[in-house]
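Inside the fold
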Amino acid sequence: MWRDLLTEPGTARGLIFSAPKRIRVDEWGVWTPSALSQARQKPPFPIENSNLGAGRSPLLMNVPVAHYTTFFRPQFFGFFIFDFVRGFSFYWWAKFFGLLLAAGWGLRQIGIRSRLLVIFGAVWVLFSSYVQWWFSSPTMLPEMLASWFVCLGCAISFLKDRHLWKTTAALFCFIFFGINFVLCLYPPYQIPLALLFIAVLVGVGRESRDQNDVVSAVRAFVLLGVGVIAIALILLPFWLDVRSTVEMVARTVYPGTRRSSGGDLSIFKLFSGVLGFFEYEQSYPGVYDNISEASNFYPLWPPAAFVVLAARFRTKTPISRLFVTLSIFLIGLSLYCVVPVPQWLLRGTLLNFAAERRALLALGIANILFCC
């Protein structure tokens, strides 16, 4: 994109697949120059960089920083091990393979037995329109999702595994990737994903309770609490470092004072993912500003729910508890997107800090889990 703008317009030489996407300007016009600026400072990767903004902006911008929190962000390791170009490449491939592997493992952990279905689900997550069109945004969406899947799988293992070493490894991974998830620092994505995390864990827990004793549930709850407390304690110095900068951000119109009340989406926008196979950068519904905003997930959960319910009444087989909790989540969050929600409920769920358009991410992931 930079060469097209500054020197030689036209198709890039050596390009193997696809073409530069101008709409991803917050990647090529913001994130990449910011990361390069970080690398060129003396000393490199500082926590303060006036080129990026006031205060300690680099700590909030998901760019490589020479700070203890980078230990918990493996996608940035390449910038400190290799030169900038190879570190940049490592960063991009960590997005791709990290999400693919984490999604597959997470699907396996929730109880999907078929390997083909696990592969199908992981590929569906990675190549969904929403994930692809926001793949390179500064919110670190692929890394955020990958960390979320790992944390979910670890939390489920607390319910199922009793082996000491497996439990210890799961707790370490929960803390490690939980910190990475938090440091992505984009509440409009993170809050709905956290609610989905609870819905999945409750569903799997209720299924496990039918097979195990109460002690297992209590043990899992304690391990989960230990993990959350450890994440909070490890991030306490980070909070002290960025508190003044966060206060500046909180006084901005966007994103600082933006709040949601529910109902911002139409039914069409909620289910617009059915158009995903036919949209591209120059062709998308006119109700959207651009292709990125038009992106969504292919919504198969309504027909999937119909099929399962029909099979339930025909064969009298019990419905999965996880199916029930995912149904409640999908219906509840969909209602938040299309109708106004009482303020007490918004504050209680923190959805007032989320945006309806960004809640589509959690709805899309829940849709994939539900169908698989």
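Provided above is the structure to which this section pertains.
Residues numbered from 1 in each chain as written. Predicted model: local features only at pLDDT ≥ 70, side-chain atom pairs only at ≥ 80, totals over all residues. Heavy atoms only, no water.

**Quick look at the overall build of the chain**
As a reminder, the rule being used: Strands are runs of DSSP state E lasting at least two residues, helices are runs of H or I lasting at least four, and both sets are numbered from the N terminus onward. Only C-alpha atoms enter the radius of gyration; for comparison, a globular chain is expected to reach 2.2 Å times N to the power 0.38, where N is the number of residues. Categorising residues by exposure relies on relative accessible area from a 1.4 Å probe, with only protein chains included: less than 20% of the type maximum marks a residue as buried, more than 50% marks it as exposed, and the intermediate range marks it as partly exposed. Two residues qualify as a contact provided that any one of their heavy atoms is within 4.5 Å of a heavy atom in the partner residue. For accessible areas, the Shrake-Rupley method is used with a probe of radius 1.4 Å. Any residue's cover is judged against the shown protein chains and nothing else. Only four residue types enter the tally: Lys and Arg on the positive side, Asp and Glu on the negative side, with His and both chain ends excluded. Where a charge sits is defined by one atom per residue type, namely NZ (Lys), CZ (Arg), CG (Asp) or CD (Glu).
Scanning the chain from N- to C-terminus turns up 16 helices and zero strands. The C-alpha radius of gyration of the chain comes to 21 Å, within 12% of the 21 Å expected for a compact globule of 372 residues. For the chain, the spread of C-alpha atoms along the three principal axes comes to 65 × 50 × 45 Å. Scored against the burial criterion, the 372 residues of the chain give a buried share of 47%. Put simply, 72% of the contacts in the chain that link residues at least 6 apart link residues at least 24 apart. On the chain, roughly 19200 Å² of surface is accessible, and the fraction owed to carbon and sulfur atoms is 68%. Computed over 32 positive and 19 negative side-chain charges, the separation of the two mean positions in the chain equals 8 Å.

**Some remarks on empty space enclosed by the protein**
This is how it is decided: Definitions used throughout: a 1 Å grid over protein atoms alone; a cavity as a set of points that fits a 1.4 Å probe which cannot get out; a pocket as an open set with protein on both sides within 12 Å along at least five of seven lines; a lining residue as one with an atom within 4 Å of a point. Grid points are joined across faces, edges and corners, and a volume is the space filled by probe spheres set on the points. Here the term charged refers only to Asp, Glu, Lys and Arg, the term nonpolar to Ala, Val, Leu, Ile, Met, Phe, Trp, Tyr, Cys and Pro, and the term polar to all other amino acids, Gly among them.
Within this structure, the stated rule accounts for three cavities of 30 Å³ or more. Volume-wise, the largest cavity comes out at about 100 Å³. For the largest cavity, the lining is made up of 13 residues, of which Leu270, Asn296, Pro299, Trp301 and Leu363 are closest to its centre. Of all the secondary-structure elements, those providing two or more residues to the lining of the largest cavity are α14 (321-338) and α16 (356-371). Of the residues forming the lining of the largest cavity, the biggest block, four residues, is contributed by α16. Taken together, the residues of the lining of the largest cavity sort by class into nine nonpolar, four polar and no charged. Taken as a whole, the second largest cavity spans an internal volume of roughly 70 Å³. Forming the walls of the second largest cavity are Pro58, Leu59, Asn62, Val63, Val65, Thr69, Thr70, Arg73, Leu183 and Phe238. Residue classes in the lining of the second largest cavity are distributed as six nonpolar, three polar and one charged.

**Thoughts on the nonpolar core**
The test is simple: Buried residues of nine kinds, namely Ala, Val, Leu, Ile, Met, Phe, Trp, Tyr and Cys, make up a nonpolar core once their side-chain atoms join them within 4.5 Å.
Core analysis: the largest hydrophobic core is formed by 98 residues, its most contacted members being Trp148, Val200 and Ile365. Looking at which element gives the most residues to this core, the answer is helix α7 (residues 141-160), with 14 residues.

**Focus: a nonpolar patch on the surface**
Threshold: Exposure above 30% relative accessible area and the lack of any salt bridge qualify a residue for a patch; like charges then connect within 9 Å, and the nonpolar side chains Val, Leu, Ile, Met, Phe, Trp and Tyr within 5 Å. For this analysis, a salt bridge means a side-chain nitrogen from Lys or Arg found within 4 Å of a carboxyl oxygen belonging to Asp or Glu.
Nonpolar side chains collect at one region of the surface, where Phe268, Val274, Leu275, Phe277, Phe278, Val287, Tyr298 and Leu300 lie side by side and expose about 770 Å² of accessible area between them. When you line up the elements, Phe278 lands in the loop between α11 (267-270) and α12 (291-294).

**Thoughts on the pattern of salt bridges**
Counting across every chain of the model gives eight salt bridges. Measuring nitrogen to oxygen at the nearest pair gives 3.8 Å for the salt bridge that ties Glu247 to Arg243. One end of the pair, Glu247, and the other, Arg243, are both in helix α10 (residues 214-250), four residues apart, so they sit about a helical turn from each other. With relative accessibility at 43%, the residue Arg243 sits in the partly exposed group. Via salt bridges that share partners, Glu48, Arg56 and Asp241 belong to a single interconnected network.

**Thoughts on the layout of surface pockets**
Considered as a void within the structure, the second largest pocket measures approximately 1400 Å³ in volume. If you go around the second largest pocket, you meet 27 residues; those closest to its centre are Leu15, Phe17, Ser18, Ala19 and Trp92. With five residues, the top contributor of residues to the lining of the second largest pocket is helix α4 (residues 84-109). Each residue belonging to the lining of the second largest pocket can be placed in one class, and the counts come to 16 nonpolar, six polar and five charged.

**Remarks on the packing of α4 against α7**
As a reminder of what qualifies: Orientation is described by lines fitted to C-alpha atoms, with helices fitted over the stretch in contact, and by angles between N-to-C directions that extend from 0 to 180 degrees. Oblique is the label for any angle not under 35 degrees, not over 145, and not in the 65 to 115 range, which are roughly parallel, roughly antiparallel and roughly perpendicular in turn. For any helix crossing, the convention is left-handed if the near helix is rotated counterclockwise from the far helix by under a right angle, and right-handed if that rotation is clockwise.
Relative to each other, α4 and α7 sit at 30°, their axes nearing to 8 Å. Classified by the angle between their axes, α4 and α7 sit roughly parallel to one another. Crossing geometry of α4 relative to α7 is assigned as left-handed. Here α4 contributes Tyr91, Lys95, Gly98, Leu99, Ala102, Ala103, Trp105, Gly106 and Gln109 to the contact with α7, which in turn contributes Pro142, Glu143, Leu145, Ala146, Phe149, Val150, Gly153, Cys154, Ile156, Ser157 and Lys160. When grouped by side-chain class, the residues that make up the contact of α4 with α7 number twelve nonpolar, five polar and three charged.

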